Amino acid sequence: MLLPPALRDNPAAGSPTRTMRDWLVDTLCFVLALGWAVIAAIDLLRARPEFVQQWAGTPSWLVWADLAVGVACAGALWWRRRWPVVIGVSMLVLGTFSVTLAFAGLVAMLTVVIHRRFVTTILFLAGSVTSNAIFYALRPERDTPYVQSLAWGIGASSVLVLCGMFIRARRELVVSLRDRAERAEAEQQARVERARALERNRIAREMHDVLAHRITLLSLHAGGLEVAQGGDVRPEVTAAARVIRSTAHEIMNDLRFVIGVLREPGDGSGGERPQPTLGDLPALVDESRRAGAKVDLTLEVREAGDIPAGVGRTAYRIVQEGLTNARKHAPGTLVSVAVTGAPADGLTVRLRNPAAVGRAAPAMPGTGTGLIGLQERAELAGGSLRHSGDAAGGFLLEAHLPWEQGPS
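Quick caveat: nothing in here was measured; it's all calculated off a predicted structure.

**Considerations on the overall build of the protein chain**
- In terms of helices and strands, the protein chain carries 10 helices and five strands.
- When the 408 residues of the protein chain are sorted by exposure, 31% land in the buried category.
- Contacts spanning at least 24 positions in sequence make up 67% of the contacts within the protein chain whose residues lie at least 6 apart.
- Carbon and sulfur atoms make up 61% of the accessible area of the protein chain, which totals about 24,700 Å².

**Some thoughts on the side chain of Asn353**
- Inspection of the secondary structure puts Asn353 in strand β3 (residues 346–353).
- For Asn353, a relative accessible area of 10% puts it in the buried group.
- Discounting chain neighbours no more than four positions away, the residues touching Asn353 are Ala326, Ala330, Thr333, Leu334, Val335, Gly394 and Phe395.

**Overview of the packing of aromatic side chains**
- Taken as a whole, this structure holds three aromatic pairs when the rule is applied.
- Ring centres of Trp23 and Trp78 lie 5.9 Å apart, and the angle between their planes is 55°; this geometry places the pair in the tilted category. With Trp23 in helix α1 (residues 20–45) and Trp78 in the loop between α2 (60–76) and α3 (84–94), this residue pair connects regions lying 55 residues apart in the sequence.
- Residue classification places Trp23 among the partly exposed residues on the basis of a relative accessible area of 44%.
- The partly exposed category is assigned to Trp78, whose relative accessible area is 21%.
- Relative to Trp78, the ring of Phe30 lies with its centre 5.7 Å away and its plane at 45°, an arrangement referred to as tilted. Placement of Phe30 in helix α1 and of Trp78 in the loop between α2 and α3 is noted, with a sequence separation of 48 residues between them.
- Phe30 sits in the partly exposed class, given a relative accessible area of 23%.
- Connected via pairs of aromatic rings, a cluster forms that spans Trp23, Phe30 and Trp78.

**Here we look at the nonpolar core**
- Within the largest apolar cluster, 27 residues are counted, with the highest numbers of intra-cluster contacts made by Val319, Val339 and Leu347.
- Here this core takes seven residues from helix α9 (residues 309–329), the largest share from any one element.
- Not counting the four nearest positions on each side in its chain, Val339 is found in contact with Leu278, Leu281, Thr298, Leu299, Glu300, Val301, Val319, Leu347, Thr348 and Val349.
- Core analysis: the next-biggest nonpolar cluster, separate from the first, contains 12 residues, Cys73, Ala74, Ile87 and Val107 among them.

**Some points on the confidence of the model for the protein chain**
- In this model, the protein chain carries a mean pLDDT of 80, and residues with pLDDT of at least 70 account for 82%.
- Below pLDDT 50 for its whole length, residues 11–15 participates in four contacts with residues either more than four positions away or in separate chains.
- Here residues 267–271 is a poorly scored stretch, pLDDT under 50, and it has zero contacts once near neighbours within four places are set aside; other chains count.

**Concerning the pattern of salt bridges**
- Under the defined criterion, the tally for this structure stands at nine salt bridges.
- Residue Asp26 pairs with Arg81 through a salt bridge whose shortest N-O separation is 2.7 Å. Of this pair, Asp26 sits in helix α1 while Arg81 sits in the loop between α2 and α3, placing them 55 residues apart in sequence.
- The buried category is assigned to Asp26, whose relative accessible area is 2%.
- Between Glu398 and Arg350 there is a salt bridge, and its shortest N-O distance comes to 2.8 Å. Placement of the pair is Glu398 in strand β5 (residues 395–401) and Arg350 in strand β3, with a sequence separation of 48 residues.
- Judged by its relative accessible area of 16%, Glu398 is buried.

Rules used throughout
Residues numbered from 1 in each chain as written. Predicted model: local features only at pLDDT ≥ 70, side-chain atom pairs only at ≥ 80, totals over all residues. Heavy atoms only, no water. Helix = DSSP H or I, 4+ residues; strand = E, 2+ residues; numbered from the N terminus. Buried < 20%, exposed > 50% of the residue type's maximum accessible area, 1.4 Å probe, protein only. Contact = heavy atoms within 4.5 Å. Areas by Shrake-Rupley, 256 points an atom, 1.4 Å probe, with all protein chains shown as cover. Phe/Tyr/Trp six-rings, centres within 6.5 Å; stacked < 30°, edge-to-face > 60°. Core = buried A, V, L, I, M, F, W, Y, C linked by side-chain atoms within 4.5 Å. pLDDT = per-residue confidence, 0-100. Salt bridge = Lys/Arg side-chain N within 4 Å of Asp/Glu carboxyl O.

As structure tokens, this is what we get:
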């Protein structure tokens, strides 16, 4: 807000917008230029001038004309950034006879030096020398030689040009440093993204090399058991082997999809697998039953076809995680799954299983974050999830998801 237009991030092209700093500077320049014009004109009208004694005896008509020029040039300073060369050249022309525009002319010249190239600055300095030469020829100073007056004018213009060039060089340096910092930040961000991509590829390779090998061996042994002949192989063993082999194939497909996501995160190219919905719950339960789990499903959802895809997918994931936890911690028990709801009432998902009976097999290893992930998923959907155990060792998982009814 207090930066000049050249140092702002997005200055408007051709018509820079004034900031608070611009208003303060322009107001100060206008007031000083106007004040000098009025004071100089009043002093010139006096019989014995105090501020401009070297031009005593100036005709009154010339003083009034000079005042009008000074006031107009002071007002023109408000547009000096938009048309610096036009305003500067106009003041050089009027400066061949005017005393009252002295301050406004200096400000206009400084603006040209700051905002224009070096060639324009040199040409403008030559024009200033010419204007001073004509001015001192038309209105010579009393008791001062012409050459001395001209030398003082050229010296003042040269000092002003040097100050303007210093300001311009400093601003260009600041802009250069800022651009360099932005490029360095962009390069650092690119390096971070490349490092992340390399790490994702490394993880994908590790998953493929380790998990794919193990799962393939599992599928191979299950297939061999399924086709084995002999009296020792019971039908239920063959059926279990068939389920294991089928599940291994599904796991390989899932692994292939996860590896693809790791390699191309956020691709959005449309190659993603179809996401599960509420209508896929019966198939999920049948899959668990084929694996030997006991599941009782109650699905009472009115207008199930109109349920939002996000809500149905969240409900599916909750049931999927609940069945996984039941198989791990209470195998062989009956898991009751109830999904009820209606538009505007919301969707309720409830899973309940009793405590494990007898000595359970060693539990499969897990990440320990399944329920935490489910709670985050439910909260992102605008709902809630709670889980608790009872005194008998059973477990309850219940979630409520909002279901906003769309326009009819």
